[in-house]
Each structure stands twice: as structure tokens, then as C-alpha cells.
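Architecture at a glance
So the chains spell out like this:
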Amino acid sequence: MTNPQLQEPSFRESVDLMFNRAVRLMDLSPGLENKIRVCNSTYTVRFGVRLRGKIETFTGYRSVHSEHMEPVKGGIRYALTVHQDEVEALAALMTYKCALVEAPFGGSKGGLCIDPRQWDDHELEQITRRFAYELIKRDLIHPAQNVPAPDMGTGEREMAWIADQYARMNTTDINAKACVTGKPPHAGGIQGRVEATGRGVQYALREFFRHPGDVAAAHLSGILAGKRVVVQGLGNVGYHAAKFLSEEDGCKITGIIERDGALVDEDGLNVEEVKAWTQAHGGVKGFPGATWVEDGASVLEADCDILIPAAMEGVIHRGNADRISAPLIIEAANGPITFGADEILRKKGTVIIPDMYANAGGVTVSYFEWVKNLSHIRFGRMQRRAEEARSRLLVEELERLSADKGLGWTLAADFKDKFLRGDDELALVRSGLDDTMRTAYQSMREVWHGRDDVEDLRTAAYIVAISRVAQTYRSKGL
Ligand code: GLU
């Protein structure tokens, strides 16, 4: 049997093909079009670290796709599958993602070829600090020039090491903390960053379901509650998205796909319980009360309302696109659908909420964290109690009026509680993220519905993003 994936373009080519499909509908000069498409630079570093009595050599990358705005922004991925093509594709997606959600950054991405599970904490710290040292030395980590963040295989812990490494090498830089985002809150991070990408997926779906015409385009009807959802990947993004959708929006998680197979349960899986099981047992196999399917990828094809690929790129390809039955796919991962699969799904009428929008919650909250670091003050610190005092004035005045006039009004206790509570940092972060996801969706759908030649949300997203990048280049005189 021939492997249909072999005929697929690479990830970077796939992103470029999607870009090309959009620019054909735009009026850009060929020179500018090419300038935006190409990746500006990719730095490859091979460094040695003495571990377990011998020198281990690691290969890492930091790619800068576009510097139309600086700093450039994008995560650092730790995986054995990391290679230059992938890092460049991801860097390009960062450029478009930031433009779409109006985060004032260019696009970048980094990666280290490593299986983080092979090393203990101390070893990973040594490796991370050494990698960071190589990048910092070349201003490839810098608060004004290049600001990494977590991605697959990295998290708060790695970001804290990177921030500390930068501070050690730049002892007088007052903005040192802004050199990386996704730090733990006690090390200069922001509340709500860890779950931000999953939250963004939830807010994106909520916004989608506010538009009955869009819901109908996906051959669905009604509200988000009750929808049957299959999620691939219970990592940071998939776990939070599935958790919030099931616990807060009434969705039923009917399938969870992991490395060692998939779990299926038409009555809905409990995400917390599955997560706890995978942490204890290293996979989903054996989870009580659900059916385990050995060929996890086959569950991508399962009958459901919403499919959330939240793991790797290229999982929906020419070989399986035809068999995907979900009418709505939201790309929580970067690049889960290849260009070839995208064309097949489009013809089938599947609606795809594209990655550059769907998973932009992470970089959006990264933007808030970066601003917080530069302003050296927690969001809400100045206003919170002032807001509460003003609300209290109003409540007390209402109560006084009611008593004076003998009206007998009493404000409901939970209304009073909610009304009197000033917004803390987490509430402000959520508000900013929600606003960002709504606004960006509306800018995409305006193009999707406003133009006869645009058939899908992905092309619309590219058009919005590319025109913003083009505008910045033009204003620079290019
Ligand atoms: N790695 C995440 C992404 O792909 C977050 C990037 C960031 O926060 O800068 O969007």
C-alpha cells in the first residue's frame, strides 16, 4: 500500500500553499507578496552539554519569519520531530496569527531536538540554560527583539529558566523579565497564561455559535451545549479546551485520542479523570468505563459534531481527509490539516476554524504578560479597589433610597457580591482574551461572507492577516 502522506507537501510548503491561495485573491505586488511569504532567517545551533559522564550534542533552531513588527514572538518546542522545515512553518504561522489577533509582534519559532522525557529536571535545566545562552548571545532572546514562549514539550518551568538565564547575562536590563512569556506567576508571569490557549479555543467556539448562519454552514444547529466533541491530544491545549467545554459549556467529550490509542464514550468522558489516569498510567489504555481503541487515529474519523485536533501537525492528510465525518473542525494545534486535506474537506463542506485564529489565545495572553513585565505592575492593582468603592457607593445609595421611600427593595445577595467585586488580574486577562477572540473572529467572518471569491475561514484569516502585515511593510516604505 502506498502511503498517501508521502505525496503531501512539507509543513512549510503547506503553509505557503495556503498563503498563495489567499494572495491570489489579493492585490499585492509580487515583490511584496514574496517578501511576506519567505522566512527571514533561521539560526541553527549545535551545542554540547556534559550529562551522565559524557558530552551530549543537541541541535536547536530559532527561526524569524517576519520582523515587520518587533519583537518577534513564538514558542520554543521540545520534541524529537523538530526540524528546520517545521520551525519555519510554525514561525510563519506566528506572523499571521499575531497579525490576525492584533498582537504587535512579528513571527518567530524555536525548537530543540530532544525527548524531554529522557532527562530529569536538573539535566533539562542544564540543557535549557545552555540553549538559552546560545540564543541570548545572538539577541534571539531579547525583550525588544525576540520573545519566546512555551510550546509542545515546554512550559512554565523552562520559561523561568530562560528568564533567569537572560537576567544573569543582562544584569542591568530593567526589562529583563519581558524576554520570555509563559513564566510562572511568581517569576513574572501572568494569571491565566497556562490555560490561555485552551480558553481561546473555548471562546472561539462560543463566538462561532453566536452566529447561526455560520453554525448552519457547518451543517449544525442550535447552541454549543450538548455538542459531541472528539479531541486529539490531552496536552496543555487539548486538556484545557476539553475541560472548559465539558465543565462550563455543556459539551460532551465523546472521544479522546492520545499516543497509546483512544477512549470513546457516547455518554461523555470526564476529562479530569482521564487526565489523572494518563498521568498515573502513562496513557489512556485501561481507563475504566470507556472503550479503548488501539488505532487512535481512526477516532479522528468518528461521528461527532466538533473535532479538535490539539496535538501535532499533519494528522489530517490526504489519506484520511475523505473519511473525517465531523462537520466542524477547530484547529487547536498548529497545522493539523495539510493543504491537500484542506482542499478535500473544503469540497466536502466541512467548516474549519483555522489554527492561526483558534490557538491564538496563547500568544494573546503572552502579549498581556509582556506588557505587564514592561509596565512593572500587575493588571488591576491601581483600579480594583477604586472600582469596588464606586460600586459600593451605588449599592448604598440604592439601599438608602429604598429605605427612605419605604420601597422595600433588596438587592439579591449574589448580584451584590458580583457587582461589588473589582476585577483582579485573572478576570482582566479573561476579558482581554474574550474580546480578542471575538474581534478577530468578526474580522475573519466579514471577509468570509463579504466576498464571493472567499469560500472558507482559513482563506479569510490569511487575507486579514496578510493585508495587515502588508500595510505595516508599506508604511515602512517597502
Ligand atoms: N507556542 C504558542 C503558539 O504557537 C504561543 C506563542 C507565544 O505565546 O508567543 O502560539
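This text gives an overview of the structure that appears in the document. Just so you know, these numbers come straight off a predicted model, no measurement behind them.

As a further point, take the packing of helix 15 (residues 425-450) against helix 16 (residues 457-475). Where helix 15 contacts helix 16, the axes come no closer than 8 Å and their chain directions differ by 110 degrees. In terms of their interaxial angle, helix 15 and helix 16 are classed as roughly perpendicular. For helix 15 against helix 16, the interelement crossing comes out right-handed. Together, Tyr441, Ser443, Met444, Val447 and Trp448 of helix 15 and Leu457, Ala460, Ala461, Ile463, Val464 and Arg468 of helix 16 make up the contact between the two elements. Residues that form the contact of helix 15 with helix 16 fall into these classes: nine nonpolar, one polar and one charged.

Taken together, the neighbourhood of the ligand is formed by 14 residues, with Lys73, Lys97, Lys109, Asp151 and Ser366 sitting nearest. Between a nitrogen atom of the ligand and a main-chain N or O atom of proline 150, the distance comes to 2.9 Å. Measuring from an oxygen atom of the ligand, one finds a side-chain N or O atom of serine 366 at 2.6 Å. Against a free-state accessible area of 290 Å², the protein chains account for coverage of 95% of the ligand. For the shell around the ligand, the secondary structure elements donating two or more residues are helix 3 (84-100) and helix 12 (361-375). Grouping the constituent residues of the shell around the ligand by class yields four nonpolar, five polar and five charged.

Another point: the sheet that holds strand 12 (residues 328-330). Across a sheet, strands are paired by hydrogen bonds formed along the backbone, either parallel or antiparallel in direction. If you walk across this open sheet you meet the seven strands as 10-9-8-7-11-12-13, and the pairing is mixed. Across the chains shown, the open sheet's two edge strands, defined by having one partner strand only, are strand 10 (291-293) and strand 13 (351-353). Neighbour to neighbour, the strand axes of the sheet diverge by 20 degrees on average, direction disregarded. As paired elements, strand 11 (residues 306-309) and strand 12 share two bridges and run parallel to each other. Each bridged residue has a counterpart across the sheet, and for isoleucine 306 the counterpart in strand 12 is leucine 328. Where helix 6 (residues 196-208) meets the sheet, its contacts fall on strand 11, strand 12 and strand 13, and the angle it forms with strand 12 comes to roughly 145 degrees.

Another aspect to go through is the layout of surface pockets. In this structure, the second largest pocket spans a volume of roughly 350 Å³. Every residue lining the second largest pocket is counted, 22 residues in all, and those nearest its centre are Ser10, Phe11, Glu313, Gly314 and Thr338. Of all elements in the fold, only helix 1 (11-23) and helix 3 reach the threshold of two or more residues within the lining of the second largest pocket. With four residues, helix 1 is the single largest residue contributor to the lining of the second largest pocket.

The linkage connecting glutamate 70 with the following residue, proline 71, adopts the cis geometry, with an omega of 5 degrees. The phi angle at aspartate 139 is positive, at roughly 60 degrees, despite the residue not being glycine. By the element assignment, aspartate 139 lies in the loop between helix 4 (121-137) and strand 6 (146-147). Take aspartate 139: its relative accessible area is 36%, and that puts it in the partly exposed class. One non-glycine residue, histidine 219, lies in the positive phi region at around 55 degrees. Within the fold, histidine 219 resides in the loop between helix 7 (212-217) and strand 7 (228-232). Judged by relative accessible area, which is 60%, histidine 219 ranks as exposed.

What follows covers empty space enclosed by the protein. The final tally for this structure, using the stated rule, is one cavity of 30 Å³ or more. Lining the largest cavity, in full, are Gly192, Glu195, Ala196, Arg199, Leu426, Val429, Arg430 and Leu433. Sorting the residues of the lining of the largest cavity by element identifies helix 6 and helix 15 as the ones contributing at least two each. The element best represented in the lining of the largest cavity is helix 15, accounting for four residues. Classifying every residue of the lining of the largest cavity by side-chain character gives four nonpolar, one polar and three charged.

Turning our attention to helix 2 (residues 30-37). Turning to helix 2, its buried residues are Leu32, Glu33, Ile36 and Arg37. Buried residues along helix 2 cover an arc of 135 degrees about the axis, so they all sit on one side. Opposite the buried face of helix 2, at more than 90 degrees from it, the exposed residues are Pro30 and Gly31. Those residues of helix 2 that are buried lie in contact with helix 1, strand 2 (54-66), helix 3 and helix 16.

Let's shift gears to the packing of aromatic side chains. Using the criterion set out here, one finds 13 aromatic pairs in the structure. Between tyrosine 357 and tyrosine 441 the ring centres are 5.8 Å apart and the planes differ by 50 degrees, which places this aromatic pair in the tilted class. Here tyrosine 441 lies in helix 15 and tyrosine 357 lies in helix 11 (residues 355-358), a separation of 84 residues in the sequence. Taken together, the ring pairs connect Phe47, Phe58, Trp119 and Phe131 into an aromatic cluster. When the ring centre of phenylalanine 244 is taken as reference, the NZ or CZ atom of arginine 199 above it lies at 3.6 Å. Taking NZ or CZ as reference, lysine 275 lies 5.1 Å from the ring centre of tyrosine 239, over its face.

Rules used throughout
- Chains are numbered independently. Their residues run from 1 in the order of the written sequence.
- Only residues with pLDDT of at least 70 are given local features in this predicted model, and only at 80 or more are side-chain atom pairs given and counted; all residues enter the totals for whole chains, interfaces and linings.
- Just so you know, side-chain values use all the structure's heavy atoms and leave hydrogens and water out.
- To define axes, lines are fitted to C-alpha atoms, for helices over the stretch in contact only, and angles between the resulting N-to-C directions are given on a 0 to 180 degree scale.
- Helix numbers and strand numbers start at the N terminus; a helix is a DSSP run of H or I with at least 4 residues, a strand a run of E with at least 2.
- By the definition adopted for this analysis, an angle is roughly parallel if under 35 degrees, roughly antiparallel if over 145, roughly perpendicular if from 65 to 115, and oblique otherwise.
- Handedness of a crossing is defined here by the sense of rotation of the near helix relative to the far one, left-handed for an anticlockwise turn of less than a right angle and right-handed for a clockwise turn.
- Whether two residues are in contact is decided by their heavy atoms: any pair within 4.5 Å suffices.
- Amino acids are sorted into nonpolar (Ala, Val, Leu, Ile, Met, Phe, Trp, Tyr, Cys and Pro), charged (Asp, Glu, Lys and Arg) and polar (every other residue, Gly among them).
- Near, as used in this document, describes a residue that has one of its heavy atoms within 4 Å of the molecule or strand being considered.
- The definition of a polar contact used here is a pair of N or O atoms within 3.5 Å, where within protein one atom must be able to donate a hydrogen and the other to accept one, and adjacent residues in sequence count solely through side-chain atom pairs.
- Only the protein chains shown count as cover for residues, and the accessible areas themselves come from Shrake-Rupley with a 1.4 Å probe.
- Each pair of strands is called paired provided DSSP finds at least two bridges between the two strands.
- Cavity: a set of points on a 1 Å grid over the protein atoms alone where a 1.4 Å probe fits but cannot get out. Pocket: an open set with protein on both sides within 12 Å along at least five of seven lines, its lining residues, like those of a cavity, having an atom within 4 Å of a point.
- Grid points are joined across faces, edges and corners, and a volume is the space filled by probe spheres set on the points.
- Only protein chains enter the accessibility calculation, which uses a 1.4 Å probe; a residue whose area is less than 20% of its type maximum is buried, one above 50% is exposed, and one in between is partly exposed.
- This arc corresponds to the set of directions leading from the helix axis out to the C-beta atoms.
- Only the six-membered ring of Trp is used, alongside the rings of Phe and Tyr, when aromatic pairs are assigned; centres must lie within 6.5 Å, and planes under 30 degrees apart are stacked while those over 60 apart are edge-to-face, with the rest tilted.
- Geometrically, a charge over a ring is one whose NZ (Lys) or CZ (Arg) sits within 6 Å of the ring centre while staying within 35 degrees of the ring normal.

Scope: geometric values only; no functional claims are made or implied.
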